[in-house]
Amino acid sequence: MTIWFNIAEGIEEVVSAIAANLDAFDDNFSPEVRLADPRFGDYQANGVLGFAKRNRQNPRALAEKLIEALRNSNSLDENLIEMSVAGPGFINFKLNKEFLFQWLQSYATKEDYSKAAASRYSGKKIVTDYSSPNSAKQMHVGHLRSPVIGEAIKRMLSYFGAEVIGDNHIGDWGTAFGKLILAIKRKNFDLKAKHDDPLTELESLYKWGNQATDEDPKALEEARNELVKLQNGEEQNVAYWEAINHISNLGFHKIYARLGIEFDYELGESFYRDKVQRVYDELEETGVGEKSEGAWVVFFPDHKRFKKQPFLYRKSDGASNYASTDLATVLYRLEAFNAGEIIYVTDDRQRDHFEQLFLTVEKWFTAKGYKIPKLKHVYFGTILGKDRKPVKSRSGNPILLNDLLNEAVERSLKIVEEKSPDLRDEEKQEIAETVGVAAVRYADLMQNRSSDYVFSWEKLLSLDGNTAPYLLYAIARIKSIFRKIELAVDADLKEASSLETEAEIGLARKLTEFPFALEQALSDLRPHQLCIYLYELAGAYSTFYNADKVNVKYIPVRNRRLMICQRTLLILETGLNLLGIKTLEKM
RNA sequence: GCACCUCUAGCUCAAUUGGAUAGAGCACCUGACUACGGAUCAGGAGGUUGGGGGUUCGACUCCCUCGGGGUGUGCCA
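Values in this document were obtained by computation on a predicted structure and should not be read as measured data. Just so you know, the residues in each chain are numbered from 1, in the order the chain's sequence is written. Here chains are named by letter from A upward and ligands by number from 1 upward, in the order in which they appear as written. pLDDT decides what is reported in this predicted model: residues at 70 or higher carry local features, side-chain atom pairs at 80 or more are listed and counted, and totals for whole chains, interfaces and linings draw on all residues regardless. Values shown for side chains rest on all heavy atoms present in the structure; no hydrogens or waters enter the calculation.

K.L.:
Which parts of the structure should I look at to understand the packing of aromatic side chains?
P.N.:
Think of a pair of aromatic rings as described by two things: how far the centres are apart, and how the planes are tilted against each other in angle. For Phe, Tyr and Trp, rings pair up if their centres lie within 6.5 Å, where Trp contributes its six-membered ring, and each pair is then called stacked (planes under 30 degrees apart), edge-to-face (over 60) or tilted (otherwise). Overall, the coordinates contain 31 aromatic pairs when judged by the stated rule. Ring plane angle 5° and centroid distance 6.0 Å describe the contact between Phe5 and Trp103, whose orientation is recorded as stacked. In this pair, Phe5 sits in the segment before α1 (7-20) while Trp103 sits in helix α4 (residues 97-106), placing the two residues 98 residues apart along the sequence. Neither Phe5 nor Trp103 differs from the other in exposure class; each is buried. A run of H or I in DSSP becomes a helix once it reaches four residues, and a run of E becomes a strand once it reaches two; helices and strands are each numbered from the N terminus. In this scheme, a residue with accessible area under 20% of its type's maximum is buried, one over 50% is exposed, and one in between is partly exposed, where area comes from a 1.4 Å probe on protein chains only.

K.L.:
How should the sheet that holds strand β6 (residues 163-167) be read in this particular structure?
P.N.:
For sheets, the rule is that strands pair by backbone hydrogen bonds, running either parallel or antiparallel. Strands were regarded as paired on the criterion that DSSP finds at least two bridges between them. Read from one edge of the open sheet, 4 strands run β6-β5-β10-β11, paired in parallel fashion. Across the chains shown, the open sheet's two edge strands, defined by having one partner strand only, are β6 and β11 (374-380). Strand-to-strand twist across the sheet, computed as the mean angle between neighbouring axes with direction ignored, equals 20°. Here 4 bridges tie strand β5 (residues 125-129) to strand β10 (residues 341-347), and the two strands are oriented parallel to one another. Bridging across to β10, Thr128 finds its partner in Ile343. Any two residues whose heavy atoms approach within 4.5 Å at even a single point are treated as in contact. Only the stretch in contact is used when a helix axis is fitted, and all axes are lines through C-alpha atoms; the angle between N-to-C directions ranges over 0 to 180 degrees. Running at roughly 180° to β11, helix α13 (residues 351-368) makes contact with β10 and β11 of the sheet.

K.L.:
Hey, could you run me through the protein's contact with RNA strand B in this one?
P.N.:
A cutoff of 4 Å decides nearness: a residue is near a molecule or strand if any of its heavy atoms lies inside that distance of it. For RNA strand B, the set of nearby residues contains 71 residues, the closest of which are Arg34, Asn92, Glu293, Tyr470 and Asp524. For RNA strand B, the backbone portion of the atoms within 4 Å of the protein, that is sugar and phosphate, comes to 56%. Identification of polar contacts relies on pairs of N or O atoms within 3.5 Å, with a donor-acceptor requirement for protein atoms, meaning one able to donate a hydrogen and the other able to accept it, and with residues adjacent in sequence counted only if both atoms are side-chain atoms. A distance of 3.2 Å separates a phosphate oxygen of RNA strand B from a polar atom in the side chain of Ser451. Here a sugar or linking oxygen of RNA strand B sits 2.8 Å away from a polar atom, N or O, in the side chain of Gln520. Examining the composition of the surface near RNA strand B, we find that 8 residues originate from one element, helix α20 (residues 528-547), more than from any other. When its residues are assigned to classes, the surface near RNA strand B shows 24 nonpolar, 26 polar and 21 charged. Just so you know the grouping, Ala, Val, Leu, Ile, Met, Phe, Trp, Tyr, Cys and Pro go in nonpolar, Asp, Glu, Lys and Arg go in charged, and all remaining residues, Gly too, go in polar.

K.L.:
Where do I start with the environment of Asn79 in this structure?
P.N.:
Within the secondary structure, Asn79 is located in the loop between α3 (59-73) and β3 (81-86). Classification of Asn79 by relative accessible area gives exposed; the value is 60%. Separated by 20 residues in the primary sequence, Asn79 and Phe99 have C-alpha atoms spaced 8.4 Å apart.

K.L.:
Just to check I follow, could you spell out the side chain of Arg558 for this structure?
P.N.:
Mapped onto the secondary structure, Arg558 falls in helix α21 (residues 555-579). No salt bridge is formed by the buried Arg558, whose closest oppositely charged neighbour, Glu495, lies at an N-O distance of 8.1 Å. Discounting chain neighbours no more than four positions away, the residues touching Arg558 are Ile485, Leu487, Val550, Asn551 and Val552. Within this scheme the basic residues Lys and Arg register as positive and the acidic residues Asp and Glu register as negative, but His and the chain ends are omitted. Salt bridges are identified by distance alone: a Lys or Arg side-chain nitrogen within 4 Å of an Asp or Glu carboxyl oxygen.

In short, shape yes, function no, at least from these values alone.
Below, the structure written as structure tokens:
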């Protein structure tokens, strides 16, 4: 019998194949194999219930029929997997310890894992669009989720074998620059002079410009003119614009470096400024776009909302907006990258925009006969304060990302000094940096992305319970055991006896669930599913660690426990790496 | 106004997408071997899943309705 990497999927296939040969079932039957409550088994097939209902049959009898056919076929070795019918028609599968042991031996190395996983999405080409901050503004807590979630999704897709491009679609073009240039000119700000904190100064210039244009229609007119001059390539404004972006990008990349966020491309909105004309032309030529109230828009007569609320892709003054550049971006990603799929990671306030964008692309590409990439909006909840309003610090400004990370690292350092006073100062500092940054990232990732995000220092900086340090600690203890025994963590362990204790079996069972958890996280693009799994795994390890001593004298027992430690380490490190979180030797 | 999202233990969140007795962390209480790192583990207490109705073998999940909170809604991104 095959020892499948993803067990649920393996059972699913076997059951499907058997059902296909039974008269009682037809093509509409799907076994729906899921993880089961441990009281009943390891996996359960729920599909018989739904199928019986749809066809007005007795589910229990149908399940009996299916299980009998399964037994007769010998496709599942009953010495490895026990099966039974329960309740109204569930089919339960119980893996015995010999199966678990064989699984652990079949998938032993990093290469075994990545090879098994990479078959899933191989051949797919996917662009992930994440972070995408606006120039001339500092990143604050509101900018945390997109890069953190986006990086995790990119890495998971890549692990599954897809060819993934990470693109940072920086907001470096648009009306903000008119206001900024206005402010620079009126305040005589010297972009080339030395400034202590240039990005902060740019941000306050922008605020000044924004206020001025709000209060004074003449200033607004002037800002528009500056923008038009920039868009027409006027030399001085282009020079301002370049300097502004240079300063911004330096600031952004300091944060990315700290968080370990990596992009393949950073094609900002400005990159598409000479590509929007084609969008205008093609939308007009195909009749997808129309002129309305002076602007160019797309209506969707069949849509309950967008028949009245159009997608505005060219302003009445002829200028582009972010809809224009987003449209041009989709086309570029199709033609330059041959993207089969594009994933946007932004907050949920942009849901309407992306829905309209996707609908427009569909109409437009259909009319032109272009291949339509799969378009997905991976949205996340907004960051709120305790008052349910967008989060602010005491001064009224949002908390800066850099300050948040500094605080996290500081708190971690205190704990390191308390728990591990013997380490060198340098080492403590490095550990604190890793732990602090990991805690913040994990706190963000462990929460279902689509719910709103209530910011609290306490939550993002927590170091107890379901947090990154808990996972890192499990890793540090495993490594410590191997150091003590003076054995490499990937040493080939012969003479391992088969699993025996409750804690060993519990941990082994959890280990085999990794592919299922990963699949689940990826099917919905929800990294928190992986977090939940890793936390449960670390929990099962801690239970095991406290219950069964690893370094015992009797080698067959010691080796089987070491083997479980190795697999736990492998999965924890792989999983955290997929989430974009660095791991440690000691802490 | 219209549309969408949301409401689960004191707090912060899960719940395998309609499955079996709704689970974790924090906080609180009780315990743990001088055995490999106690940033740990074992246990306890804590629930009318916002209210009401419906669909069915089965509902936190789907439908209706009422209420609380939030977001979006033609020239910001």
